[in-house]
Amino acid sequence: MSVFLFLFIVMPIAEMAVLIKVGGLIGVLNTVGLVLLTAVIGAWLLRQQGLATLLRANQRLNSGELPAKEVAEGLILAVGGALLLTPGFITDTVGFLCLLPGTRHWLAAQALKRMVVSGQSRGFHFRAGGGTGPFGQDPFGGENPFGQQRPFDRDGDGNTFEGEYRDETESDRDRIEKK
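Residues numbered from 1 in each chain as written. Predicted model: local features only at pLDDT ≥ 70, side-chain atom pairs only at ≥ 80, totals over all residues. Heavy atoms only, no water.

(A) Inspection of the overall build of the protein chain at higher detail. A count of helical and extended segments in the protein chain gives six helices and two strands. For the protein chain, the α and β elements follow one another from N to C terminus as α-α-α-α-α-β-β-α. When the 179 residues of the protein chain are sorted by exposure, 22% land in the buried category. For the protein chain, restricting intrachain contacts to residue pairs at least 6 apart in sequence, the fraction spanning at least 24 positions comes to 47%. If you sum the accessible surface of the protein chain, you get close to 13200 Å²; carbon and sulfur atoms cover 65% of it. (Helix = DSSP H or I, 4+ residues; strand = E, 2+ residues; numbered from the N terminus. Buried < 20%, exposed > 50% of the residue type's maximum accessible area, 1.4 Å probe, protein only. Contact = heavy atoms within 4.5 Å. Areas by Shrake-Rupley, 256 points an atom, 1.4 Å probe, with all protein chains shown as cover.)

(B) The pattern of salt bridges, seen in detail. One pass over the full model with this rule turns up six salt bridges. Across the salt bridge formed by Glu 70 and Arg 56, the nearest N and O atoms sit 3.9 Å from each other. Of the two residues, Glu 70 sits in helix α3 (residues 68–85) while Arg 56 sits in helix α2 (residues 28–62), which places them 14 residues apart along the sequence. In this structure Glu 70 comes out as buried when scored by relative accessible area, which is 7%. Of the residues examined, Arg 56 reaches a relative accessible area of 27% and is grouped as partly exposed. Arg 60 is paired through a salt bridge with Glu 65; the nearest N and O atoms lie 3.2 Å apart. For Arg 60, a relative accessible area of 26% puts it in the partly exposed group. On the basis of relative accessible area, Glu 65 is assigned to the partly exposed category, the value being 41%. (Salt bridge = Lys/Arg side-chain N within 4 Å of Asp/Glu carboxyl O.)

(C) Up close: the confidence of the model for the protein chain. Per-residue confidence for the protein chain averages 77 on the pLDDT scale, and 67% of its residues sit at or above 70. Across the protein chain, the secondary-structure element scoring lowest on mean pLDDT is strand β2 (residues 124–129), at 50, and the one scoring highest is helix α4 (residues 89–99), at 93. Contacts for the low-pLDDT stretch residues 120–126, under 50 throughout, to residues beyond four places or in other chains number 18 contacts. Taken as a whole, residues 131–142 scores under 50 in pLDDT and shows 27 contacts with residues more than four places along the chain or in a different chain. (pLDDT = per-residue confidence, 0-100.)

Shown next, in the form of structure tokens:
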């Protein structure tokens, strides 16, 4: 409740107070111009940093790695972009901090310490980030309510087997070509 109170009541009032104060110091038109300028600069920076993050994520996916850091950075970029589009100097400051590479990398590292990125691809599990169980903790801080989720570890000894596989299932195209 306190987060919503802050976001929807306290933050807009603080933004209005800062806008009124700045408007009194530099004038209304200059204040509006400054708000528009920060939005334009923010959109340019978001585009530049977003494309760089997307390219890094694509490279990691192509090399078979999980782009957990890039996903976290993408979320931070989205939040930063939304904050920059919101009129006001406080939200612009926080938005620019989300878009700057140094603070964004730090925020992503802090987020990855607290979250677990897990998934499944053709029966194989992958995992990155913090947490204690095979899929870490649930978002509310407790253990995973579904217990341990290891469908391929029947004996429970935790052994991991690495190897390569080849998909030999026949596709529709192969079946048509045989006829």
